[in-house]
2 protein chains.
Amino acid sequence: MVRWEPGTRERLQAAALELFLTRGYEQVTAAEIAQAVGVTERTFFRNFSDKREVLFHGQEQFLQVFVDSVSDAPAGASPLELVTAVLHGVASFFPDERRPYSRLRQTVIDQNPALQERELLKLAGVAATVAAAMRARGIGEPGATLAAQSAASVFGIAFTQWIGEGESRSLEDIASDVLRELRSITRSQPGEVVAGPAPTR
Amino acid sequence: MVRWEPGTRERLQAAALELFLTRGYEQVTAAEIAQAVGVTERTFFRNFSDKREVLFHGQEQFLQVFVDSVSDAPAGASPLELVTAVLHGVASFFPDERRPYSRLRQTVIDQNPALQERELLKLAGVAATVAAAMRARGIGEPGATLAAQSAASVFGIAFTQWIGEGESRSLEDIASDVLRELRSITRSQPGEVVAGPAPTR
């Protein structure tokens, strides 16, 4: 008989993270993670398809936050306004109390090239998903992909700052600063070579 | 005795591409590629570490074009001017006579998720390399990473357009248009929510 245990998934995640940090991701097995919280290996695999999934669980909800932020924006929102809405939405997905977990998770990922690749592809998936949501609102190409990749880029940079040692600003504040920097970089400057002034919208 | 054959690498690449397109990337072996041009499997592996390498050969030179474009830009160039220089430099790496090959290569990549991931990671590698080259010029963070990721994003979108069916504009012209669109998207607009005006530089 299988006993339902509240929070089994979260306990498995916490135990996995600790094992990954102390012994190295490669060395830890699913069976050991299960053993650490006193459940069977079968219970582990009812919660996660594999060891890596422990670190990437919740990706659908994560992607949904981006999609909802685009869909819920006011009618007629410009690409820049949609980028802003996306950054606001995803910031609410990472409240400050989540920062310690995000830091530990990143430490594990930084130690393993395959996990780093998985994380990069996750961000590329975010950009593709946001671009599709923007096109669904009638934003044309290449604007939709440019705006979506800019949003993913600003999010990625802001997130890295957010989990930095000693950082205490909220993800929303950091993302706002990084977006401002992007806009500063791309604005007209004297001496430019190729790009002329942007056409009137 | 090994006879030196001029153009063996290029003949292997052409034969591989044709085999990938007609029979599917997964189904083709290195031995079959070698056989198609009348060389031994050993000769194949002197030219390419594996089957995938046929499609990704030359990545070092590709990355070097980006690095050189940043390094060779005039002193005091702004991040936007460096992005422009990068796009100009990489466009020269893809002259129009290369377009048919690039189109066929992309067809193979589009049919295989693992190759698509490899290509995405290649572009992420470009961004990281360009960011490092920008930091080496004294561009601070997050400006260097933002500019580098914008350059990679514009390049990726422009390249996709360049190899599109019926497209005849040069990569340089397309990239210039896409950069202009990025600048149009990120400029100030009425009704914005989060980001204020960029600080004076």
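Preceding block: the structure.
Residues numbered from 1 in each chain as written. Chains lettered and ligands numbered in written order. Predicted model: local features only at pLDDT ≥ 70, side-chain atom pairs only at ≥ 80, totals over all residues. Heavy atoms only, no water.

**Remarks on the overall build of chain A**
- A count of helices and strands for chain A gives ten helices and zero strands.
- Ordered by position from the N terminus, the helices and strands of chain A form the series α-α-α-α-α-α-α-α-α-α.
- Its C-alpha atoms give chain A principal-axis dimensions of roughly 65 × 35 × 30 Å.
- The burial tally for chain A puts 49% of its 201 residues in the buried class.
- When the accessible surface of chain A is split by element, carbon and sulfur atoms take 53% of a total near 9800 Å².
- In chain A, which carries 21 positive and 25 negative side-chain charges, the distance between the mean positions of the two groups comes to 3 Å. (Helix = DSSP H or I, 4+ residues; strand = E, 2+ residues; numbered from the N terminus. Buried < 20%, exposed > 50% of the residue type's maximum accessible area, 1.4 Å probe, protein only. Areas by Shrake-Rupley, 256 points an atom, 1.4 Å probe, with all protein chains shown as cover. Lys, Arg positive; Asp, Glu negative; His and termini not counted. Charge placed at Lys NZ, Arg CZ, Asp CG, Glu CD.)

**Some words on unusual backbone geometry**
- The omega angle of the peptide bond from E141 of chain A to P142 of chain A is 5°, so this bond is cis rather than trans.
- Along the chain, P142 of chain A turns up in the loop between helix 8 (113–136) and helix 9 (143–162).

**With respect to the nonpolar core**
- Ranked by size, the top nonpolar core spans 84 residues in total, and within it F94, M134 and F155 of chain A together with F94, M134 and F155 of chain B carry the most contacts.
- Ignoring anything within four residues of it in the chain, the contact list for F155 of chain A reads F62, F66, L87, V90, F94, L123 and L171 of chain A. (Core = buried A, V, L, I, M, F, W, Y, C linked by side-chain atoms within 4.5 Å. Contact = heavy atoms within 4.5 Å.)

**Some words on the side chain of E119 of chain A**
- Following the sequence through the fold, E119 of chain A ends up in helix 8.
- For E119 of chain A, a relative accessible area of 18% corresponds to the buried category.

**Looking at the side chain of S153 of chain B**
- The residue S153 of chain B is located in helix 9 (residues 143–162) in this model.
- For S153 of chain B, a relative accessible area of 9% translates into the label buried.
- At 2.3 Å, the side chain of S153 of chain B and the side chain of Q149 of chain A are in polar contact.
- Those residues in contact with S153 of chain B that lie beyond four places of it in its chain are L146 and Q149 of chain A. (Polar contact = N/O pair within 3.5 Å; in protein donor to acceptor, adjacent residues only side chain to side chain.)

**Focus: the pattern of salt bridges**
- What the rule picks out here adds up to 18 salt bridges over all chains.
- Measuring nitrogen to oxygen at the nearest pair gives 2.6 Å for the salt bridge that ties R135 of chain B to E141 of chain B.
- Here D177 of chain B and R169 of chain B are joined by a salt bridge, their closest N and O atoms 3.1 Å apart.
- Several salt bridges converge on common partners, so that one network encompasses E167, R169, D177 and R180 of chain A. (Salt bridge = Lys/Arg side-chain N within 4 Å of Asp/Glu carboxyl O.)

**Some remarks on the packing of helix 1 (residues 8–23) of chain B against helix 7 (residues 99–110) of chain B**
All names here are of chain B.
- Running from N to C, helix 1 and helix 7 point in directions that differ by 45°, and their axes come no closer than 9 Å. One finds that helix 1 runs oblique with respect to helix 7. Handedness of the helix 1/helix 7 crossing: left-handed. Contacts between helix 1 and helix 7 pair Q13, L17, F20 and L21 from the former with Y101, L104, R105, T107 and V108 from the latter.
- When the residues that make up the contact of helix 1 with helix 7 are grouped by side-chain class, the tally is six nonpolar, two polar and one charged. (Axes fitted to C-alpha atoms, helices over the stretch in contact; angles between N-to-C directions. Parallel < 35°, antiparallel > 145°, perpendicular 65-115°, else oblique. Left-handed = near helix turned anticlockwise from the far one by under 90°. Nonpolar A, V, L, I, M, F, W, Y, C, P; charged D, E, K, R; others polar.)

**Some words on the packing of aromatic side chains**
All names here are of chain A.
- A full pass over the atoms with the stated rule returns 28 aromatic pairs over all chains.
- Ring geometry for F93 versus F94: centroids 5.3 Å apart, planes at 80°, classification edge-to-face.
- Taken together, a centroid distance of 5.0 Å and an interplanar angle of 65° make the contact between F94 and F159 edge-to-face. Of the two residues, F94 is situated in the loop between helix 6 (79–93) and helix 7 (99–110) and F159 in helix 9; the sequence distance between them amounts to 65 residues. For the pair formed by F94 and F159, the shared burial category is buried. (Phe/Tyr/Trp six-rings, centres within 6.5 Å; stacked < 30°, edge-to-face > 60°.)

**Some words on helix 5 (residues 59–71) of chain B**
Residues and elements named next belong to chain B.
- Here helix 5 spans 18 Å end to end across 13 residues, near enough to the 18 Å set by a 1.5 Å rise per residue.
- When we look at burial in helix 5, the residues that qualify are F62, V65, F66, V67, S69 and V70.
- Close packing links the buried residues of helix 5 with helix 6 (79–93), helix 8 (113–136) and helix 9. (Expected span 1.5 Å × (residues − 1).)

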